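Examination of the molecular architecture
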Amino acid sequence: MRSGEAYAAAKAAGRAAVVGYLPAGFPSYDGCLEAMKAMVDGGVDIVEVGLPYSDPVLDGPVIQAATERALRGGTRIFDVLRTAEAVAGMGVATVVMTYFNPVLAYGVERFAADLAAAGGSGLITPDLIPDEAAEWLEVAAARDLERIFLVAPSSSASRIAATVDACDGWVYAASTMGVTGARAATSQVAPSLVGRVREHTDLPIGVGLGVSNGEQAAEVASYADGVIVGSALVRCLLDSESPAAGVAAVGALTADLAAGVRRAA
Amino acid sequence: MTRFGPYGGRYVPEALIAALDQLTEVYEAAKLDADFQGEFARLLRDYAGRPSLLYDATRFSEAIGARVLLKREDLNHTGAHKINNVLGQALLTTRMGKPRVIAETGAGQHGVATATAAALMGLECMVYMGEVDTERQALNVARMRLLGAEVTPVKSGSRTLKDAMNEAFRDWVTNVDTTHYVIGSVGGPAPFPAMVRDFASVIGTEARGQCLDLLGTLPDAVLACVGGGSNAMGIFTAFIPDDSVQLFGFEAAGDGVDTDRHAATLTKGSPGVLHGARSYVLQDEDGQTRESHSISAGLDYPGVGPEHAWLKDSGRATYLPVSDAEAMEAFRLLCRTEGIIPAIESAHALAGARVVAERLGPDAVLVVNLSGRGDKDMDTAADWFGLV
């Protein structure tokens, strides 16, 4: 399933979608798949498979710790694609979230081909703006892969218009100025950003950066089409006393988030 | 201009684009503004101590076999060329009405320069420095703190310059409304590579005029060390239109370019994206950045400014590797022949002078950018030569 369709299905059910992120290869290749399964069983609508990268400038300490561990464990691009394939095989819409250099190094066309073959529906590119994305846009369009770019509170109206124009599937609204990481309070600027994005597009809008529980998910779900959670899920695995406990915590948090978006509806 | 051939660009999160647009706008206006240019020139003259000397190093020349003129950036206030760029960016910061600057630093020279300009202009200052570098350049950490800057040791990744830059980007994306990121080299997203080059280009503009005064003609070659590449762009730029002048950049080869412990990005890297720009990068086949190594903290970086990538590909400049051992030999040679202690970074260009002398012969005139002084490197030198 494409992630845009998962948004539509959630909307048809009268609620926002839950989008969950975990990096491939963390805490191990198999451990990641178990956690992914727990997320799917817990009710996530879309999975973001993170591609661990050596220089994650938009990530806070939690995701940095996880991706460093995945890289130390030897995670390769091939493993990320295998993970995406396994997750897509669980019957959930699957996208890959990656900084751009690994895609460039692998080959943009080759990456797109292998992602499509794995059943991934598209890419989220946190450090690639549409202005620099000519090659990816062309290749993705040819293979009908989703192009999910980010908008930020600092984005001007003209940049929002140009960015949503380049998006396919949905739009990723970064709710705060800052790096990834759970925050005690949800963003005050996110509702107005979502409002500004809606003036330019009918695409679904997911809100990420800082959501960590069902209560915050319910709040975000009241104005956005999707609630994106990353660091809080990763922390379940980082903080756990045993791998099994970590997987259980991921499942429990996902269920809490899934209940949250239903409460809001 | 945001591109140098296929290199450069803005590979950064959307959240930073508004700040880059603002910076571009303010900088483009400043370029045409006589008040700004006058203030910048005044600071370079009265505060940094420009013009820096072009010194005929006769005893060093004799030892390496060609005439070497040293562009004495080591004599600038704060002891390195970094002050040129920083004064320009600090002036822009006040024009943008931002009260805070952040910087990354490797050897600490750029951090010291930024802390200095921040003190001068009353700006709050935070410097990110890899934990490994805070240890090998402890004196500069103390200097920055004395100047009122906060220094944050960065403990992630390889704990060197690359990781300090990651952390500075994270700060910037969080505090961009109040903060200007004073990037210390000709890397990063546009407009930084061209803007930093412009601020540093006073080095080459002066050197070219000084050569004409001293020699009545242009030199045969201009040499500089290249980490990120700002001192090199600073001295190259004025000479780029002069086809008779060869340009040589010397990268840190660490233990050797055939080992995995070096920082020779243009020699051994491949095109990719790092820290906001497309350029050469030391990376593996998955695009993961490789850890670099150099005895010189200021050259210990796995990327390079995009304009250097273009000068390499277009053939206008030649980039060659210099090992730790070769650099340290040249470091000692300058001390012994001229009584000048260079920065270990600059010693890579001095070692390169021997190579260029062999290529061009004894009548050649070489201008070497002595980009900084070596006081900060005394611990490293004492260890290397067994001096204490």
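Predicted model, so just to flag it, every value in this text is computed and none were measured.

**Regarding helix 10 (residues 202-215) of chain B**
All names here are of chain B. The end-to-end C-alpha separation of helix 10 is 20 Å, in line with the 20 Å expected for 14 residues at 1.5 Å each. Those residues of helix 10 not exposed but buried are Val202, Ile203, Gly204, Glu206, Ala207, Gln210 and Cys211. Once helix 10 ends, the next one or two residues include Gly216, with phi positive near 75 degrees.

**Some thoughts on the interface of chain A and chain B**
Of the residues lining the interface, 35 residues belong to chain A; the matching set on chain B comes to 32 residues. Carbon and sulfur atoms supply 49% of the area that chain A and chain B bury against each other, a total of about 2700 Å² over both sides. The tally of links from chain A across to chain B stands at 5 salt bridges. Residues Glu14 of chain B and Arg159 of chain A are paired through a salt bridge, measuring 3.0 Å at the closest nitrogen-oxygen approach. At the junction of chain A with chain B, the criterion picks out 21 residue pairs in polar contact (both at pLDDT 80 or more). Listing elements by their share of the side of chain A that touches chain B, those giving two or more residues are helix 3 (61-72), helix 5 (100-106), strand 6 (150-151) and helix 8 (157-166) of chain A. Counting residues per element, the side of chain A that touches chain B draws most heavily on helix 5 of chain A, at 6 residues. Split into classes, the residues belonging to the side of chain A that touches chain B amount to 21 nonpolar, 7 polar and 7 charged.

**Quick look at the confidence of the model for chain B**
On average, chain B scores 96 in pLDDT, and the residues at 70 or more come to 100%. Confidence estimates for the predicted assembly give a pTM of 0.96 and an ipTM of 0.96.

**Description of the environment of Thr217 of chain B**
Its location among the elements puts Thr217 of chain B in the loop between helix 10 and strand 9 (221-226). Contacts of Thr217 of chain B, omitting those with residues within four sequence positions, involve Cys211 and Leu212 of chain B.

**Comments concerning the nonpolar core**
Membership of the largest hydrophobic core comes to 188 residues, with the highest contact counts inside it found for Phe111 and Trp136 of chain A together with Trp172 and Phe236 of chain B. If we ignore the near neighbours within four places in the chain, the residues touching Phe236 of chain B are Val222, Ala224, Leu247, Phe248, Gly249, His308, Leu311, Ala317 and Tyr319 of chain B. Judged by nonpolar contacts, the second largest core, of 37 residues, contains Phe60, Leu223, Leu350 and Ala351 of chain B.

**Things to note about unusual backbone geometry**
Of the consecutive residues Phe26 of chain A and Pro27 of chain A, the connecting peptide bond is found in the cis state with omega at -5 degrees. Topologically, Pro27 of chain A is positioned in the loop between strand 1 (17-23) and helix 2 (29-42). In this structure, the amide linkage connecting Arg50 of chain B to the following residue, Pro51 of chain B, adopts the cis form with an omega of -5 degrees. Summarising the element assignment, Pro51 of chain B is placed in the loop between helix 2 (34-47) and strand 3 (54-56).

**Points about the packing of aromatic side chains**
When we look at a pair of aromatic rings, we describe it by the centre distance and by the angle of the planes. Evaluated as defined, the whole model comprises 16 aromatic pairs over all chains. On the numbers, 6.4 Å between centres and 20 degrees between planes, the contact of Phe248 of chain B with Phe250 of chain B is stacked. Neither Phe248 of chain B nor Phe250 of chain B differs from the other in exposure class; each is buried. Here a set of aromatic residues connected by ring pairs shows up, and it is made of Tyr27, Phe36, Phe40 and Phe199 of chain B. Directly above the aromatic system of Tyr106 of chain A lies the positively charged group of Arg110 of chain A, at a separation of 3.7 Å from the ring centroid. The positively charged end of Arg72 of chain B is found above the aromatic ring belonging to Tyr55 of chain B, 6.0 Å away from the centroid.

**Structural notes on helix 3 of chain A**
Taking 1.5 Å per residue as the helical rise, helix 3 of chain A with its 12 residues ought to reach 16 Å, and the 16 Å between its terminal C-alpha atoms agrees with that figure. Every buried residue of helix 3 of chain A is listed here: Val62, Ile63, Gln64, Ala66, Thr67 and Ala70 of chain A. Tucked into the core, helix 3 of chain A has its buried residues touching strand 1 and helix 11 (231-239) of chain A together with helix 8 (161-175) of chain B. Downstream of helix 3 of chain A by a residue or two, Gly74 of chain A has a phi angle that is positive, lying close to 90 degrees.

**Details of the sheet that holds strand 6 (residues 124-130) of chain B**
All names here are of chain B. Spatial strand order, 7-6-5-8: 4 strands in an open sheet with parallel pairing. Two strands lie at the open edges of the sheet, namely strand 7 (150-154) and strand 8 (179-181), each paired on one side alone. Strand-to-strand twist in this sheet, taken as the mean axis angle between neighbours without regard to direction, amounts to 20 degrees.

**Quick notes on the packing of helix 14 (residues 324-338) of chain B against helix 16 (residues 378-385) of chain B**
Residues and elements named next belong to chain B. One can describe the packing of helix 14 onto helix 16 by two numbers: an axis separation of 12 Å at closest approach and a directional angle of 105 degrees. With respect to helix 16, the axis of helix 14 lies roughly perpendicular. Facing helix 14, whose interface residues are Asp324, Ala325, Met328, Phe331 and Arg332, helix 16 presents Met378, Ala381, Trp384 and Phe385. Residue classes in the contact of helix 14 with helix 16 are distributed as 7 nonpolar, no polar and 2 charged.

**Points about the sheet that holds strand 6 of chain A**
As summarised here, the arrangement of the 9 strands in space is 5-4-3-2-1-9-8-7-6 (chain A), forming an open sheet in which the pairing is parallel. A single partner strand is all that each edge strand has here, and the edge strands are strand 5 (146-148) and strand 6 of chain A.

Criteria and cut-off values
- Residues numbered from 1 in each chain as written.
- Chains lettered and ligands numbered in written order.
- Predicted model: local features only at pLDDT ≥ 70, side-chain atom pairs only at ≥ 80, totals over all residues.
- Heavy atoms only, no water.
- Helix = DSSP H or I, 4+ residues; strand = E, 2+ residues; numbered from the N terminus.
- Expected span 1.5 Å × (residues − 1).
- Buried < 20%, exposed > 50% of the residue type's maximum accessible area, 1.4 Å probe, protein only.
- Contact = heavy atoms within 4.5 Å.
- Buried area = accessible area lost by both parts, 1.4 Å probe.
- Salt bridge = Lys/Arg side-chain N within 4 Å of Asp/Glu carboxyl O.
- Polar contact = N/O pair within 3.5 Å; in protein donor to acceptor, adjacent residues only side chain to side chain.
- Nonpolar A, V, L, I, M, F, W, Y, C, P; charged D, E, K, R; others polar.
- pLDDT = per-residue confidence, 0-100.
- Core = buried A, V, L, I, M, F, W, Y, C linked by side-chain atoms within 4.5 Å.
- Phe/Tyr/Trp six-rings, centres within 6.5 Å; stacked < 30°, edge-to-face > 60°.
- Lys NZ or Arg CZ within 6 Å of the ring centre and 35° of its normal.
- Pairing = 2+ DSSP bridges.
- Axes fitted to C-alpha atoms, helices over the stretch in contact; angles between N-to-C directions.
- Parallel < 35°, antiparallel > 145°, perpendicular 65-115°, else oblique.

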